Amino acid sequence: MSNYIITSDTTCDLPDKYITKNHIDIIPLYYKLGETIYGDEENLDPSEFYNKMRHGQMPTTMGCNPETAREHFCKILDRGYDIIHISFSSALSSSFNTVSVVVNELQEEYPERNIIVVDSKCASLGEGLLVYKAVCNRQNGMSINDNAKWLEDNKLHVCHQFTVDDLHHLHRGGRVSKKAAIIGTVINVKPVLHVDDEGALVPLCNVRGRKKSLNTLIDNMAASIEGYDNDAVFISHGDCLKDAEYVAEQVKKRFGIENIMINFVSPTVGAHSGPGTLALFYMGENR
């Protein structure tokens, strides 16, 4: 193992096996359903989480706890390792700012250690794709400073294309008006959105029907992928695995990419996008 550890948030949505295999340390972000706060030792199975949402329970979300972040970082620093932390987009969460404050304090306590925080400007497996690239760079012998520079230089080439099945969750998050949510639901409109260069969710277009929305994600990928070597494409979903598998098959057919990672959208992100969210992530010319 190299002399630095890569850390990230639960919102990177990488599978547990991948996280364990690559020694990635994950800082928890929190969500609340009913009177219970989840995120540390207690967590809901993703399918159970989305099932609760389907039956009308509406979660709320919170950023990371500074003391928890501090504990995670100190354990790594005390073992003699430096740290690159790849954070959930600062446009979507306070966690980047929280971690930055913690790291500034720790840098004074551990002046011999190098601690770098990267605002991914990404969400879900978009953030996860950036973590994956950082892991590949580390495996190829890249130093911590060169890796951090690569991440900063390339993070805005991590493209996010996603659609949701229920407009009412976007309304709750202020992304569409109540009127648009009601009318869109009646006429079966499915929005296609992306994450812009500021790391915020932005609508791209509306299409009629679920299958059309899934195909639009792939069409948009075709428009921006040329010239970029995608050794891996990531897909996250809000408990709609069959749709994720459909998109994966289309990506394989159209682009010849075989290395495709599929995983759930984590509750912290899924609380705002809802069941049926389907997101596609890859490297491209622009977002």
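Calculation rules
- Along every chain, residues carry numbers that run from 1 in the direction the sequence is written.
- At least 70 in pLDDT is required for a residue's local features to be given in this predicted model, at least 80 for side-chain atom pairs to be given and counted, and no such filter applies to totals for whole chains, interfaces and linings, which use all residues.
- Think of the side-chain values as coming from all heavy atoms in the structure, minus any hydrogens and water.
- Helix and strand definitions follow DSSP, with helices as H or I runs of at least four residues and strands as E runs of at least two, each counted in order from the N terminus.
- Any residue under 20% of the maximum accessible area for its type is buried, any over 50% is exposed, and the rest in between are partly exposed; the area is computed with a 1.4 Å probe on protein chains only.
- To obtain the arc, one takes the directions from the helix axis to the C-beta atoms.
- Two N or O atoms form a polar contact when they lie within 3.5 Å of each other; inside protein one atom must be a possible hydrogen donor and the other a possible acceptor, and for residues adjacent in sequence the pair counts only when both atoms belong to side chains.
- Excluding any residue in a salt bridge, patches collect residues exceeding 30% relative accessible area, merging like charges within 9 Å and nonpolar Val, Leu, Ile, Met, Phe, Trp and Tyr side chains within 5 Å.
- Computed with the Shrake-Rupley method and a 1.4 Å probe, the accessible areas treat only the protein chains shown as cover for residues.
- A side-chain nitrogen of Lys or Arg and a carboxyl oxygen of Asp or Glu constitute a salt bridge if their distance falls within 4 Å.
- The positive count covers Lys and Arg only, the negative count covers Asp and Glu only, and His and the chain ends enter neither.
- For charged residues, the charge sits on one atom: NZ in Lys, CZ in Arg, CG in Asp, CD in Glu.
- Strands pair, by our definition, only if DSSP identifies at least two bridges between them.
- Axis definition: a line fitted to C-alpha atoms, over the contacting stretch in the case of helices. Angles run 0 to 180 degrees between N-to-C directions.
- Note on contacts: a residue pair is in contact if any heavy atoms of the two residues lie within 4.5 Å.
- By the definition used in this description, the sense in which the near helix is turned from the far one sets the handedness, with an anticlockwise turn below a right angle giving left-handed and a clockwise turn giving right-handed.
- Think of it as three bins: nonpolar holds Ala, Val, Leu, Ile, Met, Phe, Trp, Tyr, Cys and Pro, charged holds Asp, Glu, Lys and Arg, and polar takes everything else, Gly as well.

A.B. asks: Would you take a moment to explain unusual backbone geometry for this structure?
C.D. replies: Glycine aside, residues mostly have negative phi angles, and peptide bonds mostly take the trans form. Its identity as a non-glycine residue notwithstanding, His-23 has a phi of 55°, on the positive side. The topology assignment puts His-23 in the loop between helix H1 (16-21) and strand E2 (25-27). Of note, Ser-124 is a non-glycine position whose phi angle comes to about 55°, a positive value. Tracing the sequence through the fold places Ser-124 in the loop between strand E7 (115-119) and helix H5 (125-139).

A.B. asks: Explain helix H2 (residues 46-54) to me, please; I cannot follow it from the model alone.
C.D. replies: Helical geometry: 3.6 residues make up each α-helical turn, so side chains three or four residues apart lie on a common side. Those residues of H2 lying buried are Phe-49, Tyr-50 and Met-53. Across the axial projection of H2, the buried residues extend over an arc of 90°, all falling on one side. The N-terminus of H2 is capped by Asp-45, whose side-chain oxygen sits 3.0 Å from the backbone nitrogen of Ser-47. Note on H2: the residue one or two positions beyond its end, Gly-56, has a positive phi of about 100°.

A.B. asks: Where do I start with a negative patch on the surface in this structure?
C.D. replies: Negative charge collects at one region of the surface, where Glu-67, Glu-71, Glu-105 and Glu-108 lie side by side. Along the chain, the position of Glu-108 falls in helix H4 (residues 95-109). For Glu-108, a relative accessible area of 70% corresponds to the exposed category.

A.B. asks: Looking at this structure, I do not really get the pattern of salt bridges. What am I missing?
C.D. replies: A pair can form between side chains of opposite charge whenever their charged atoms are brought close. Within this structure, the stated rule accounts for eleven salt bridges. Its salt-bridge partner being Asp-239, residue Arg-54 comes within 2.8 Å of it at the nearest N-O pair. Here Arg-54, found in helix H2, pairs with Asp-239, found in the loop between strand E11 (233-237) and helix H10 (241-255); they are 185 residues apart in sequence, far enough to count as distant. The exposure class of Arg-54 is partly exposed, given its relative accessible area of 43%. Take Asp-239: its relative accessible area is 23%, and that puts it in the partly exposed class.

A.B. asks: Teacher, can you tell me more about the sheet that holds E11 here?
C.D. replies: Sheets are built from strands that pair by backbone hydrogen bonding, the pairs being arranged parallel or antiparallel. With mixed pairing, the six strands of this open sheet are ordered in space as E10-E9-E8-E13-E11-E12. With partners counted over all chains shown, the strands left at the sheet margins are strand E10 (201-208) and strand E12 (260-264), one partner each. When strand polarity is set aside, the average angle formed by the axes of neighbouring strands in this sheet is 20°. As paired strands, E11 and E12 are joined by five bridges and run parallel to one another. Looking across to E12, one finds that Val-233 is bridged to Ile-260. Of the strands in this sheet, strand E8 (158-163), strand E9 (189-195), E10, E11 and strand E13 (278-283) touch helix H9 (residues 210-224), which is tilted by about 10° from E13.

A.B. asks: Just to check I follow, could you spell out the sheet that holds strand E1 (residues 4-9) for this structure?
C.D. replies: Taking strand neighbours across the sheet as the criterion, the four strands line up as E2-E1-E6-E7 in an open arrangement whose pairing is parallel. Pairing within the sheet leaves two strands with one partner each, and these edge strands are E2 and E7. Averaged over all pairs of adjacent strands, the angle between their axes in this sheet comes to 25°, without regard to strand direction. By the bridge criterion, five bridges tie strand E6 (residues 82-87) to E7 in an arrangement that is parallel. Its bridge partner being in E7, Ile-86 is matched across the sheet by Val-118. The strands touched by helix H3 (residues 66-78) are E1, E2, E6 and E7; relative to E2, the strand with the most contacts, the crossing angle is about 160°. In the packing of H4 onto the sheet, the strands contacted are E6 and E7, and the crossing angle to E7 comes to about 165°.

A.B. asks: Looking at this structure, how should I read the packing of H9 against H10?
C.D. replies: For any two helices packed against each other, the geometry is given by the interaxial angle and the distance between the axes. Interaxial distance between H9 and H10 falls to 10 Å at its minimum, and their mutual angle equals 35°. H10 is crossed by H9, and the crossing has right-handed handedness. Contact residues: Arg-210, Lys-211, Leu-214, Asn-215, Ile-218, Asp-219, Met-221 and Ala-222 in H9; Asp-243, Tyr-246, Val-247, Gln-250, Val-251, Arg-254 and Phe-255 in H10.

A.B. asks: Help me out: how do you make sense of helix H6 (residues 144-154) in this one?
C.D. replies: Burial in H6 covers these residues: Ile-144, Asn-147, Ala-148, Leu-151 and Asn-154. Angular distribution of buried residues about the axis of H6 spans 145°; they occupy a single face of the element. Among the structural elements, E1, E6, E7, H5, E8 and E13 are those in contact with the buried residues of H6.

A.B. asks: Would you mind going over the packing of H5 against H6 with me for this structure?
C.D. replies: Direction vectors running N to C along H5 and H6 enclose 145°, while the axes themselves pass 10 Å from each other. Our pair here, H5 against H6, has a crossing hand that is right-handed. Between H5 and H6, the contacting residues are Leu-130, Lys-133, Ala-134, Asn-137 and Arg-138 on the first element and Asn-147, Trp-150 and Leu-151 on the second. Residues belonging to the contact of H5 with H6 are distributed by class as follows: four nonpolar, two polar and two charged.

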